[in-house]
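As a plain string of letters, each chain reads:
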Amino acid sequence: SQFANAPAGSVTTVTSKITTFDDEAGLETEKKNKAIRSIECFNEDPILGDLSTPNEEEIRLRTKSLYATQNRAVTNQDYVSMLYSMPGKFGSIKRARIENDKDSLKRNLNIYLISEDSEGNFIKTNLPTKNNIKNWLINYRMMSDTFDIMDAHIVNVGIDYEIVVDQGFNKLETIIECNREIEEHFSTKSEIGESLYLNDIYNVLNNLESVVDVTSVKVRNLSGGEYSQVSYDIDLNLSLDERVLLIPSDHVYEMKFPAIDIRGTTT
């Protein structure tokens, strides 16, 4: 497959088989062939990795400081670089953040991870990938370093905006254009702990020829059902000027369904 991801129950076909027997010469041919024919596969859990083809920003992120690590993780950025360089056959992650554990007397690191499902949405990294990450990092960590691997909490968000449309443009077509531009803005996944800057949305919309003014941009939290179960208090975490949604270092925001999560109105 060209992708590293597969939903649960989707890997059901064995395309090639490599078999070995302790005493193949002493086995009956029919019994041996029957055993080979009986080989099946079925993934009870999703196979998680990095689905989307990396764009320039993704490539920049994954290669940042990798050369400087020299195959040894010393700084927190070194650890992130080593995570992104783990061979895909062990699984992969979409985003990672490393923080020093303030409650630890030694140098213990908290590693926050998030993966991507077959639809390109954030999902918790599964246990096999986490175990492989532990084994991978052991080869490169400093002897005095210990680490804990944890899931980043997903905050699903929607955007409501209000605009003034130039009289020479159709209002409905302008809303469609605005929605498309906002969707494109959110197509690059956020970093774990990265704040959501509403000024970016204002700028995206104000740059459109059909938009005279952007009178309001608001964020809403979406949780439950097909969204994350994380309920996030938007008002409590907005900056005083209501232009920045602050995101904790162990959370990551995402717009999951742009077609319904973006809502625009005109005046």
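A brief report on the enclosed structure follows. (Residues numbered from 1 in each chain as written. Predicted model: local features only at pLDDT ≥ 70, side-chain atom pairs only at ≥ 80, totals over all residues. Heavy atoms only, no water.)

**Considerations on unusual backbone geometry**
Apart from glycine, the bulk of residues carry a negative phi angle, and the bulk of peptide bonds sit in the trans form. One non-glycine residue, Glu242, adopts positive backbone phi at about 60°. Within the secondary structure layout, Glu242 lies in the loop between helix H8 (234-237) and strand E8 (244-245). (Helix = DSSP H or I, 4+ residues; strand = E, 2+ residues; numbered from the N terminus.)

**A word on the nonpolar core**
Counting residues in hydrophobic clusters, the biggest one holds 28 residues, and the most contacted among them are Ile159, Tyr161, Ile163, Ile182 and Phe186. Broken down by element, this core gets its largest block of residues, six residues, from strand E5 (residues 153-165). Once residues lying within four places of it in the same chain are set aside, the contact partners of Ile163 are Thr174, Ile175, Cys178, Leu205, Val211, Asp213, Val214, Thr215, Thr265, Thr266 and Thr267. Core analysis: the next-biggest nonpolar cluster, separate from the first, contains 18 residues, Tyr79, Tyr84, Leu109 and Trp136 among them. (Core = buried A, V, L, I, M, F, W, Y, C linked by side-chain atoms within 4.5 Å. Buried < 20%, exposed > 50% of the residue type's maximum accessible area, 1.4 Å probe, protein only. Contact = heavy atoms within 4.5 Å.)

**Description of the environment of Thr12**
Examined against the element boundaries, Thr12 turns out to sit in the segment before helix H1 (29-37). The exposure class assigned to Thr12 is partly exposed, which follows from its relative accessible area of 45%. Along the chain, Thr12 and Phe42 lie 30 residues apart, while their C-alpha atoms are 5.0 Å from each other.

**Quick notes on the pattern of salt bridges**
Pairing of side chains with opposite charge becomes possible as their charged atoms draw close. Scanning the entire structure with this criterion turns up eight salt bridges. Between Arg95 and Glu191 there is a salt bridge; the shortest N-O distance is 3.3 Å. Separated by 96 residues along the polypeptide, Arg95 in strand E1 (residues 95-100) and Glu191 in the loop between helix H6 (171-185) and strand E6 (196-197) bring together distant segments of the chain. Between Asp160 and Arg220 there is a salt bridge, and its shortest N-O distance comes to 2.5 Å. (Salt bridge = Lys/Arg side-chain N within 4 Å of Asp/Glu carboxyl O.)

**Side note on the pairing of E5**
Sheet topology places E5 next to strand E9 (residues 251-254); four bridges connect them, and they run parallel. Considered in E9, the bridge of Asn156 is made with Glu254. As defined by bridge partners, E5 adjoins strand E7 (residues 211-222) across 10 bridges and the pair is classed as antiparallel. By the bridge assignment, Val165 is partnered in E7 with Val211. Looking at chain direction, E5 and strand E10 (residues 262-266) are connected through five bridges and run parallel. Residue pairing for E10: Asp160 is matched across the bridge by Arg263. (Pairing = 2+ DSSP bridges.)

**As for the packing of helix H4 (residues 76-84) against helix H5 (residues 127-138)**
Relative to each other, H4 and H5 sit at 120°, their axes nearing to 10 Å. Overall, the two elements H4 and H5 adopt an arrangement that is oblique. Crossing handedness for the pair H4 and H5: right-handed. From H4, Tyr79, Met82 and Leu83 reach across to H5, where they touch Ile133, Trp136 and Leu137. (Axes fitted to C-alpha atoms, helices over the stretch in contact; angles between N-to-C directions. Parallel < 35°, antiparallel > 145°, perpendicular 65-115°, else oblique. Left-handed = near helix turned anticlockwise from the far one by under 90°.)

**Considering the packing of H6 against helix H7 (residues 198-206)**
Here H6 crosses H7 at 135°, and the two axes come no closer than 10 Å. Viewed along their axes, H6 and H7 adopt a mutual orientation that is oblique. Handedness of the crossing formed by H6 with H7: right-handed. In this structure, H6 contributes Cys178, Glu181, Ile182 and His185 to the contact, and H7 contributes Asp200, Ile201, Val204 and Leu205. Here the contact of H6 with H7 is built from residues that sort into five nonpolar, one polar and two charged. (Nonpolar A, V, L, I, M, F, W, Y, C, P; charged D, E, K, R; others polar.)

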